[in-house]
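For reference, the chains in residue letters:
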Amino acid sequence: MKARRSCRAFSDRMPERELIEAVCEAGTYAPTGHGKQSPLIVAITNREVRDRLSRMNAQIWNDLTVKRGGTPNPDIDPFYGAPVVLLVLADADVVTAEYDGCAVLTNLLNAAHSVGLASCWIHRAKEEFESEEGRQLLKELGIDGHYIGIDHCVLGYAAKETAPALPRKKDYIRWVR
Ligand SMILES: Cc1cc2nc3c(=O)[nH]c(=O)nc-3n(C[C@H](O)[C@H](O)[C@H](O)COP(=O)(O)O)c2cc1C
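Residues numbered from 1 in each chain as written. Predicted model: local features only at pLDDT ≥ 70, side-chain atom pairs only at ≥ 80, totals over all residues. Heavy atoms only, no water.

Remarks on the overall build of the protein chain
Then, in step 1: Secondary structure assignment for the protein chain yields 5 helices and 4 strands.
Then, in step 2: Reading the protein chain from its N terminus to its C terminus gives the helix and strand order α-β-α-β-α-β-α-α-β.
Then, in step 3: Against the compact-globule benchmark of 16 Å for 177 residues, the protein chain has a radius of gyration of 17 Å, which places it among compact chains.
Then, in step 4: When each of the 177 residues of the protein chain is scored for burial, the buried share is 39%. (Helix = DSSP H or I, 4+ residues; strand = E, 2+ residues; numbered from the N terminus. Rg over C-alpha atoms; globule rule 2.2 N^0.38 Å. Buried < 20%, exposed > 50% of the residue type's maximum accessible area, 1.4 Å probe, protein only.)

A word on a nonpolar patch on the surface
Then, in step 1: Judged by side-chain polarity, Tyr-172, Ile-173 and Trp-175 come together as a nonpolar surface patch covering roughly 450 Å² of accessible area.
Then, in step 2: Mapped onto the fold, Ile-173 is located in the segment after strand 4 (147–156).
Then, in step 3: When its relative accessible area of 66% is taken as the criterion, Ile-173 is described as exposed. (Patch = residues over 30% accessible without salt bridge, like charges linked within 9 Å, V, L, I, M, F, W, Y side chains within 5 Å. Areas by Shrake-Rupley, 256 points an atom, 1.4 Å probe, with all protein chains shown as cover. Salt bridge = Lys/Arg side-chain N within 4 Å of Asp/Glu carboxyl O.)

Thoughts on the site of the ligand
Then, in step 1: The ligand sits among Arg-4, Arg-5, Ser-6, Arg-8, Tyr-80, Cys-120, Trp-121, Ile-122, His-123 and Arg-124.
Then, in step 2: Contacts to the ligand include Ser-6, whose side-chain N or O atom sits 2.6 Å from an oxygen atom.
Then, in step 3: The separation between an oxygen atom of the ligand and a polar side-chain atom of Tyr-80 is 2.5 Å.
Then, in step 4: In the complex, 62% of the free accessible area of the ligand, which totals 620 Å², lies under the protein chains. (Near = heavy atom within 4 Å. Polar contact = N/O pair within 3.5 Å; in protein donor to acceptor, adjacent residues only side chain to side chain.)

Focus on unusual backbone geometry
Then, in step 1: Its identity is not glycine, yet Tyr-80 carries a phi of approximately 55°, on the positive side.
Then, in step 2: Structurally, the position occupied by Tyr-80 is in the loop between helix 2 (47–67) and strand 2 (84–91).
Then, in step 3: Residue class for Tyr-80 comes out partly exposed when judged on its relative accessible area of 32%.
Then, in step 4: At Asp-171, a position not held by glycine, the phi torsion is positive, near 60°.

Describing the sheet that holds strand 3 (residues 118–122)
Then, in step 1: An order of 1-2-4-3 is seen for the 4 strands of this open sheet, with the pairing classed as antiparallel. For this open sheet the edge positions go to strand 1 (39–44) and strand 3, each flanked by a neighbour on one side alone. Adjacent strand axes in the sheet meet at a mean angle of 20°, parallel and antiparallel pairs treated alike.
Then, in step 2: Taken together, the 5 bridges between strand 3 and strand 4 define a ladder with antiparallel strand orientation. Paired with Cys-120 across the bridge in strand 4 is Val-154.
Then, in step 3: Where helix 3 (residues 97–114) meets the sheet, its contacts fall on strand 1, strand 2, strand 3 and strand 4, and the angle it forms with strand 4 comes to roughly 5°. (Pairing = 2+ DSSP bridges. Axes fitted to C-alpha atoms, helices over the stretch in contact; angles between N-to-C directions. Contact = heavy atoms within 4.5 Å.)

Overview of the pattern of salt bridges
Then, in step 1: Taken as a whole and judged by the stated rule, the model has 9 salt bridges.
Then, in step 2: Here Glu-16 ties to Arg-13 by a salt bridge, and the two come within 3.1 Å at their closest N and O atoms.
Then, in step 3: Classification of Glu-16 as partly exposed rests on a relative accessible area of 30%.
Then, in step 4: For Arg-13, a relative accessible area of 45% gives the class partly exposed.
Then, in step 5: Here the salt bridges do not stand alone but share partners, grouping Arg-47, Arg-50, Asp-51 and Asp-77 into one network.

Now the structure itself:
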């Protein structure tokens, strides 16, 4: 866990199916409130769907950037070229949905590292699936139900090495003995 880092430059190489399956399986063993297993992991290796999601995510990123007074980037791929997107959704009717989904995402990232894959947590899934386009995409993928977007874990092989983790902040851990 100390060596896992976010990757922001992926090669085109598609990870082996067994590795993707192992990472997803690890996600399903995350703790969930009341053991309800509220999340759903959508493992996307289809290029067209991956690119569509990337465009939706980029649009949200650009809109937020403009709102904050920044400069939009029309060419951005928020998935950094990763060939696999593990989209985590969670049942909106479960009170711990967001927490459950984040627990799954953390398992996915750590599991990816343990099988030698590079990964990164990518935000803005909430906004993606609040939109009409997002709801339409789920319908097309045959995903029925009342789901909220939690976030994405993008996966692949690193195109370049990542720097070591920054030192941990002082007093991150407070003991009460
Ligand atoms: C809730 C959350 C949202 C994140 N969203 C993004 C994102 O949209 N894009 C990105 O490049 N990294 C994203 N990250 C990754 C963090 O930037 C990264 O974990 C942090 O900089 C620490 O680096 P490390 O993962 O290499 O330790 C996100 C992480 C979390 C936990």
